[in-house]
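# Close look at the chain arrangement
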Amino acid sequence: SSGINAEYGDFEVETADAGASKHYPVQASSLKKGQHILIKGRPCKIDNISTSKPGKHGSAKCSFVAIDIFTGKKSEAISPGHANVDVPIVTRKEYLASGIDNAGFLNLYDEESGDMIEDIRLPEGDMGDKIKGMVDADAMCMVSVIRSMGEEKIIDVKEDNNKNY
């Protein structure tokens, strides 16, 4: 498959490793607050967009202020309104936390696939303390994990009392 990419330019062949595309192009002027955008390769959530009017020579410009979904750091980017910007693919999934191993990794159960996920570390701070407390108390601890651009982070935790196993 080495010759295909060179021959077709942007054309990507999806392979079995599912790392096919982590982002896709979207026209800058069509993005709205709350959507995601890639700034310097980082997945960010748009906090503010301002659009300047087209000048005598040139097109309208879109200014984006966005917050990195993993670090919380603010970033800014400017793009012509008609140009394409990259939008990261962000997934959110809930797992049942069933335990924490000695190295500080969570044992997460994917109820849809039946898989165990064991490569996500217990977060530091209040959220980590809350998860640890719930797991230690054998509570139904559901954690929400976001994934984008090869990174993942626990963003929410809640107790699920509705499920009877």
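A brief structural summary.

All right, on to the nonpolar core then. Core analysis: the largest hydrophobic core is formed by 16 residues, its most contacted members being Leu108, Ile131, Cys141, Val143, Val145 and Ile154. Broken down by secondary-structure element, the contributors of at least two residues to this core are β7 (91-100), β8 (106-109), α2 (125-136), β10 (141-148) and β11 (151-159). Not counting residues within four places of it along the chain, the set of residues in contact with Ile154 comprises Leu106, Ile120, Arg121, Pro123, Met127, Ile131, Val143, Ser144 and Val145. Grouped together as the second largest cluster of nonpolar side chains are 12 residues, Cys44, Ile46, Cys62 and Ala66 included.

Counting across every chain of the model gives 8 salt bridges. In this structure, Arg42 and Glu151 form a salt bridge, with 2.5 Å as the shortest nitrogen-oxygen distance. One end of the pair, Arg42, is in strand β3 (residues 42-52); the other, Glu151, is in strand β11, and 109 residues separate them in sequence. The partly exposed category is assigned to Arg42, whose relative accessible area is 25%. Residue class for Glu151 comes out partly exposed when judged on its relative accessible area of 29%. The shortest N-O distance in the salt bridge between Glu94 and Lys158 comes to 2.7 Å.

About the cut-offs
- Residues numbered from 1 in each chain as written.
- Predicted model: local features only at pLDDT ≥ 70, side-chain atom pairs only at ≥ 80, totals over all residues.
- Heavy atoms only, no water.
- Core = buried A, V, L, I, M, F, W, Y, C linked by side-chain atoms within 4.5 Å.
- Buried < 20%, exposed > 50% of the residue type's maximum accessible area, 1.4 Å probe, protein only.
- Helix = DSSP H or I, 4+ residues; strand = E, 2+ residues; numbered from the N terminus.
- Contact = heavy atoms within 4.5 Å.
- Salt bridge = Lys/Arg side-chain N within 4 Å of Asp/Glu carboxyl O.

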